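What follows is each chain in one-letter form.
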Amino acid sequence: MGSIFRSQKMQLVQMIVQNDAAHAVVEAFGEQGLVEFRDLNHGQPFHKRAFTDEVKKCEEVQRKLVALKAALDHENMEINEELGATAGSEELASMLADKEEELHQMTTQELMLKKNHNSLLEQRHVLEIGSKIYAAQAPGTALGGVSGELEMSDFSSSTATSMLSYVAGVMPRLSMQSFQRVIFRSTRGNAIMSSVAVDETLHDYDLKMGEVHEVEKDFFMIFVSGEVLKSKVAKIATYFGGTLYAYPDMAADKAAMAAEVEKRLGESDSILASTATMKRGMLSEVAAQYASWNFAVCKRKMIFDTFNKFDYDVKRKVFVADAWVPESKVYDVYKLLSQATAKAGVETRPVLNLIETKATPPTHLPVDKVCYGFQALVNTYGTPRYREVNPGAFAVILFPFLFGIMFGDLGHGSLLMLFGLSMIRNEAHFEGKKLDDLVEMCYGGRYVIFLNGCFGMYVGLIYNEVFACPMSIWGSGYDWENETIIAPPIFGVEPAWHHAANKISFFNSFKMKMSIIVGVLQMTFGIFLSLLNHLEYKNYLKVCFQFLPELGFFGSIFGYLVFLIFYKWSVPWVELGKPAPSLLTTLINMFMSPGAVALPENADMVLFEGQANVEAVLILVALVCVPLLLFPIPFIESARHEAAQKKKAAYKALHDDGAEEVVAHGEEEHEFSFGDVFVHQAIHTIEFVLGSISNTASYLRLWALSLAHSQLSELFWDDLLVRIKIMHFKINALQNNAL
């Protein structure tokens, strides 16, 4: 079969190229994706590798790009996804540093302007709200005035000669109650405090952190006697996060200050607008080039990460790289290597050596867009080993078929199929664009959705259901007058069952048995796939003592259950005048009471002649297969290891010169441990025995979900029809009343 069936055969190659061509070579292989480089510096810390500094520089540039991206997202600006030409690495790093510094300065300036604007708003609220409170609480005449200058940290009161002083400002609403209690206690009740909620949401600005928080604030004005209490109250207000503002005594000064505040607010709005325009202009330039910059930096970082995997010969000024290549692509790799070297202007021809190794190659499964979604589902459970049969090749059909069993309905399946087909037809519209998470998930699995819909339609034809309504496309072989079956249906389930009184019982039994049959067949298929793996690895020991015991154990129990299902279907129990035995009871009695079916009192449980003898043989086979699966492999492997050690010792005895044994490239010797092998085989045996039971039971979900889908669809139709009838009745009633 094709490469999707199992991993392509891989070849380990060694490249020896001049250092001047390193960048061009890695870039060429990265664009084509022909090889997977091995790490020749495995175990060496990152900070000791040759290109650590270059990688860190790229990471610093990426940090700057992340900051620019955050600013673009904050301004809701779209990024141009088209890739264009970019400057060199040093020039790009300098450019991005300038952009980041410019953005930082603009952001800081904007925050300062907004903070000043917010202070002006708070000052305006102080003047507006304070005039009402001051008129009620202040003395009849004022003995002095205050300056109209707006100082954010200053506050004003009457002159020092006045006996009554006051403090005005705003404070977060959450701190107001605590602030009132502290003022009362600290002044011993010698203060008059008034507070009013500000109806506008204000902000708190943290210039150091660059953060902005919306805060609900209250205006407060506190009247005290003397400068000592006034200073004390001011410090307490500042401690609780309050901001103190000037409030003139005289009406003329207050009017002048209000006019000045409004003037400055207008100027602040104008400056903020121009600052925002300048910032968006700069970010527009960044958005136009961001994708190209990000691609260039990521590409350069990956190139240097790859350089850190190479071995460098300082004297010959060459680098040595090991890479895994599909055997069918070795010539293409050499051709691309030569082209990249020539493009870099290096006259020395590169060297490509084929290396023999016993190291396990990586799995290479080239998939197309049709198989991609199914292979991704398989990879969530685990990537197949090298040269192991790939379950993804069979999931393309088996997964949609199992879905069809659960979702079998011609109408619902057609809707799902059309949805998947629409996404396939519009691939050009979705490809390469930033999509929502849900849309991206649907687009990535568009072929999965399409095939699920197709198999849902196919199984819906078998069920003879369309939108949960029974249909009779293939005709019916049931005689309604005589209530007898004239002929079996041409295809699918007999439509008359949808109108029978025992409809639910029939479909429950039918779908449950079909789920068991499908599950047992699929698991048996998986056991035979393991045989192909054993043959591929030439592990005939596992063929004899793993494949055969697994097949014997599984077939003697669940293969027998499938046989009983088909046999029970084939016997006309009504014509024989006897009830059909329960398969579940038969299977339980097979293990709990072997041979009991042959007793005279259990005659009604007999399915066929010789049943007791057949079940006894099957039980014996199942019991024998378990120790065959558990014990032989560890002991045989232990014996083989001991024989190999004796041969190795004899070989060393013949070489008294002390020559070292040559080890293949990349080969790693693993110490044999009988305990590890036995524990591994014991885990496999337990997992297989218990998994055979639990996995077979898990396939009953097909029956349960199919039943749930059918019943919910019928409930929906019944509710819809009832609503239509009620609506029709109301319309007729209204028409009759109108007449």
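All values reported here derive from a predicted model rather than from experimental measurement.

A look at the overall build of the protein
Within the protein one finds 21 helices and 15 strands. Relative to the 2.2 N^0.38 estimate, which gives 27 Å for 739 residues, the radius of gyration of the protein is 41 Å and therefore markedly larger than a compact globule would have. Of all intrachain contacts in the protein linking residues separated by at least 6 positions in sequence, the fraction that spans at least 24 positions is 79%. With the model as given, the accessible surface of the protein reaches about 42800 Å², and the carbon-plus-sulfur share is 60%.

Notes on helix α5 (residues 227-239)
Here α5 spans 18 Å end to end across 13 residues, near enough to the 18 Å set by a 1.5 Å rise per residue. Residues L229, K230, V233, A234, I236 and A237 constitute the buried set of α5. The buried residues of α5 occupy an angular sector of 165° when the element is viewed end-on, so they sit on one face. Opposite the packed face of α5, turned more than 90 degrees from it, sit the exposed residues V228, K235 and Y239. As for α5, its buried residues are in contact with β3 (164-172), α4 (173-186), β7 (217-225) and β8 (243-245).

What to know about the side chain of T52
In this fold, T52 is placed in helix α2 (residues 52-74). Here T52 falls in the buried class, since its relative accessible area comes to 4%. Within the local environment of T52, its side chain forms a polar contact with the backbone oxygen of R49, the two atoms lying 3.0 Å apart. In contact with T52, not counting residues within four places along its chain, are F46, H47 and N308.

Thoughts on empty space enclosed by the protein
Leftover empty space is mapped by rolling, across the atoms, a probe with the size of a water molecule. Across all of its chains, the model carries 1 cavity of 30 Å³ or more by this definition. The computed volume of the largest cavity comes to approximately 60 Å³. Together, E465, K503, I504, F507, K511, L707, S710 and Q711 line the largest cavity. Those elements that provide at least two residues to the lining of the largest cavity are α14 (503-536) and α21 (700-738). In the lining of the largest cavity, the residues fall into 3 nonpolar, 2 polar and 3 charged.

Comments concerning the packing of aromatic side chains
Applying the stated criterion across every chain yields a total of 35 aromatic pairs. Between the aromatic rings of Y239 and F240, the centroid separation amounts to 5.5 Å while the plane-to-plane angle is 90°, which identifies the pairing as edge-to-face. Arranged with centres 6.3 Å apart and planes meeting at 75°, the rings of F401 and F455 form a pair that is edge-to-face. Separated by 54 residues along the polypeptide, F401 in helix α9 (residues 392-406) and F455 in helix α13 (residues 446-463) bring together distant segments of the chain. Classification of F401 as partly exposed rests on a relative accessible area of 26%. For F455, a relative accessible area of 18% corresponds to the buried category. Connected via pairs of aromatic rings, a cluster forms that spans F29, F37, F51, F304, F307, F310, Y312 and F319. Cation over ring: R446 sits above Y443, and NZ or CZ is 4.2 Å from the ring centre. Directly above the ring of Y463 sits K511, whose terminal nitrogen or CZ lies 4.5 Å from the centroid.

Notes on the sheet that holds β8
Taken together, 4 strands build an open sheet; the order of strands is β4-β7-β3-β8 and the sheet is antiparallel. With partners counted over all chains shown, the strands left at the sheet margins are β4 (191-197) and β8, one partner each. The average angle at which neighbouring strand axes cross in this sheet is 25°, direction not considered. Alignment of β3 against β7, held across 9 bridges, turns out to be antiparallel. Within the sheet, the bridge partner assigned to S165 lies in β7 and is V224.

Considerations on the nonpolar core
Ranked by size, the top nonpolar core spans 41 residues in total, and within it F553 and F554 carry the most contacts. Mapped onto this core, the elements with two or more residues apiece are α9, α13, α14, α15 (540-570), α17 (583-592), α18 (611-630) and α20 (674-698). Among the elements that line this core, the one with the most residues is α15, at 11 residues. With residues near it in sequence (within four places) discarded, F554 still touches V520, M523, T524, I527, G559, F688, S692 and T696. In terms of nonpolar packing, the next biggest core, distinct from the first, is built from 29 residues, M15, V25, F310 and V346 among them.

Some thoughts on the packing of helix α1 (residues 22-32) against helix α6 (residues 251-307)
Axis separation between α1 and α6 bottoms out at 10 Å; the angle between their running directions is 110°. On the basis of the axis angle, α1 is roughly perpendicular to α6. For the pair α1 and α6, the sense of crossing is right-handed. Taking contact as the criterion, the partners of A22, H23, V26, E27 and E31 in α1 are, on α6, K299, R300, I303, T306 and F307. For the contact of α1 with α6, the per-class residue count stands at 4 nonpolar, 2 polar and 4 charged.

Considerations on unusual backbone geometry
Unlike most non-glycine residues, R387 shows phi in positive territory, near 65°. Counting through the fold element by element, R387 comes out in the loop between α8 (369-379) and α9. Here R387 falls in the buried class, since its relative accessible area comes to 14%. Its identity is not glycine, yet K538 carries a phi of approximately 55°, on the positive side. Its place among the elements puts K538 in the loop between α14 and α15.

Digging into a nonpolar patch on the surface
A grouping of L584, I588, F591 and M592 is seen on the molecular surface, where their side chains present a nonpolar patch of about 440 Å² in accessible area. Tracing the backbone through its elements, the reader meets I588 in helix α17.

Focus: the pattern of salt bridges
Proximity of charged atoms lets side chains of opposite charge pair with each other. Counting across every chain of the model gives 25 salt bridges. One salt bridge connects K217 with E122, and the closest N-O pair in it is separated by 2.7 Å. Here K217 is found in strand β7, whereas its partner E122 is found in helix α3 (residues 89-137), with 95 residues between them in sequence. Take K217 and E122: they sit in the same class, and that class is buried. Taking the shortest distance from any N to any O, the salt bridge between E227 and K230 comes out at 3.1 Å. In this pair, E227 and K230 both sit in helix α5, 3 residues apart, roughly one turn of the helix. Judged by relative accessible area, which is 10%, K230 ranks as buried. Through salt bridges with shared partners, a single ionic network connects E75, E110, K114, K279 and R280.

Conventions used here
Numbering of residues starts from 1 in each chain and follows the order in which that chain's sequence is written. Local features in this predicted model are restricted to residues of pLDDT 70 or higher, and side-chain atom pairs are both shown and tallied only at a pLDDT of 80 or more, whereas totals for entire chains, interfaces and linings draw on every residue. Hydrogens are left out, water is left out, and the side-chain values use all remaining heavy atoms of the structure. Secondary structure counts use DSSP, requiring at least four H or I residues in a row for a helix and at least two E residues in a row for a strand, with both numbered from the N terminus. The globule rule used here is 2.2 Å times the number of residues to the 0.38 power, and the radius of gyration it is set against is calculated over C-alpha atoms. Residue contacts follow a heavy-atom distance rule, with two residues in contact if any of their heavy atoms lie within 4.5 Å. In these tables, accessible area is a Shrake-Rupley quantity obtained with a 1.4 Å probe, and a residue counts as shielded only by the protein chains included in the view. The span one expects for a helix is its residue count, reduced by one, times 1.5 Å. Exposure is judged per residue with a 1.4 Å probe applied to protein chains only, and the accessible area is read against the type maximum: over 50% gives exposed, under 20% gives buried, and values in between give partly exposed. Our arc is simply the arc of the directions from the helix axis toward the C-beta atoms. Definition of a polar contact: a pair of N or O atoms within 3.5 Å, with one able to donate and the other able to accept a hydrogen when the atoms are protein atoms, and with sequence-neighbouring residues admitted only if both atoms are side-chain atoms. Only protein atoms enter the calculation, which uses a 1 Å grid: trapped sets of points that fit a 1.4 Å probe without letting it out are cavities, open sets showing protein on both sides within 12 Å along at least five of seven lines are pockets, and any residue with an atom within 4 Å of a point is a lining residue. Grid points are joined across faces, edges and corners, and a volume is the space filled by probe spheres set on the points. Residue classes follow a fixed rule: Ala, Val, Leu, Ile, Met, Phe, Trp, Tyr, Cys and Pro count as nonpolar, while Asp, Glu, Lys and Arg count as charged, and any other residue, Gly among them, counts as polar. Each Phe, Tyr or Trp ring, with Trp reduced to its six-membered ring, pairs with another whose centre is within 6.5 Å; inter-plane angles below 30 degrees give stacked pairs, above 60 give edge-to-face pairs, and intermediate values give tilted ones. For a Lys NZ or an Arg CZ to count as sitting over a ring, it must be within 6 Å of the ring centre and within 35 degrees of the ring normal. Only strands that DSSP links by at least two bridges are regarded as paired with each other. All axes here are fitted lines through C-alpha atoms, helices being fitted over the stretch that makes contact, and every angle between N-to-C directions spans 0 to 180 degrees. What is meant by a nonpolar core is a set of buried Ala, Val, Leu, Ile, Met, Phe, Trp, Tyr and Cys residues, joined one to another through side-chain atoms within 4.5 Å. Roughly parallel refers to an angle under 35 degrees, roughly antiparallel to one over 145, roughly perpendicular to one between 65 and 115, and oblique to any angle outside these ranges. Here a crossing is called left-handed whenever its near helix is offset anticlockwise from the far helix by less than a right angle, and right-handed whenever the offset is clockwise. What goes into a patch is any residue over 30% in relative accessible area without a salt bridge, connected to like charges within 9 Å or, for nonpolar side chains (Val, Leu, Ile, Met, Phe, Trp, Tyr), within 5 Å. Here a salt bridge means any side-chain nitrogen of Lys or Arg lying within 4 Å of a carboxyl oxygen belonging to Asp or Glu.

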